[in-house]
Amino acid sequence: MFELLMQVFVRRSDPVSLVNLSSSRKALVCRPAGRMTFMLDQGGRNWLRDKEIELVQAPSVAGCFDLLMKAEVDFVVANEFTGREVLRRRSFKDEIAAVANAPLGIVTLHAVASNENPQAKQTIRFLNKGLQHLRRSGEYQEIVDRHLAQVWAGL
């Protein structure tokens, strides 16, 4: 249904190099507890698998940004929208920024229905047909553009 960029957020005063993480100490990377970490081992990075970073888990994205502000982690990995919204709410926009043109990956959002639901397949088919119609007519892009304009205006 939609794609989200997974961004790296750093302190503007102390940006970490994503190109060379093999410094004398491991970079401390925050992801909220219970959230996916696959992007840390994608695209040839293998940061977790090869223990090139140390994963720190806060209870929330906001908790990760609090740790970043206190310099207790080197960077935060969050989807672009959630990350920027937390920065806006916490008034951290001047201190923290997403690393430009360096997303760690793309997360796709999908609609799911329980196999236990006797109408699950029908519901998903109905949703897919509706999405196809919206995409073909151009309405999907209009909706996305309108909402993204609101998001960017608020950030």
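Below is a summary of the structure that appears in this document. (Residues numbered from 1 in each chain as written. Predicted model: local features only at pLDDT ≥ 70, side-chain atom pairs only at ≥ 80, totals over all residues. Heavy atoms only, no water.)

## Observations concerning the nonpolar core
Soluble globular proteins tend to bury their nonpolar side chains together. Convention followed: Here, the term nonpolar core denotes a set of buried Ala, Val, Leu, Ile, Met, Phe, Trp, Tyr and Cys residues that are joined through side-chain atoms within 4.5 Å. Throughout this description, buried means an accessible area under 20% of the type-specific maximum (1.4 Å probe, protein chains only), exposed means over 50%, and partly exposed covers the range between. Numbering of helices and strands starts at the N terminus; helices are DSSP runs of H or I of at least 4 residues and strands are runs of E of at least 2.
Grouped together as the largest cluster of nonpolar side chains are 18 residues, with contacts concentrated most on Phe9, Cys30, Phe65, Val73, Val76 and Ile96. Looking at this core, the elements that each hand over two or more residues are strand 2 (27–30), helix 1 (61–69), strand 4 (75–79), helix 2 (80–90) and strand 5 (96–98). Residue contributions to this core peak at six residues, all from helix 1.

## Here's the deal with the packing of aromatic side chains
Stated formally: Two rings from Phe, Tyr or Trp (for Trp, the six-membered ring) form a pair when their centres are within 6.5 Å of each other. A pair whose planes differ by under 30 degrees is stacked, one over 60 is edge-to-face, and the rest are tilted. Charge over a ring is defined by NZ of Lys or CZ of Arg lying within 6 Å of the ring centre and within 35 degrees of the ring normal.
For the coordinates displayed, the defined rule picks out two aromatic pairs. With a centroid separation of 5.2 Å and 80° between ring planes, the pair formed by Phe9 and Phe65 is classed as edge-to-face. Taken as a pair, Phe9 in strand 1 (residues 2–11) and Phe65 in helix 1 lie far apart in primary sequence, 56 residues in all. The two residues Phe9 and Phe65 agree in class, both being buried. Positioned above the aromatic ring of Trp47 is the side chain of Arg45, whose terminal nitrogen or guanidinium carbon lies 5.6 Å from the ring centre. Taking NZ or CZ as reference, Arg135 lies 4.0 Å from the ring centre of Tyr140, over its face.

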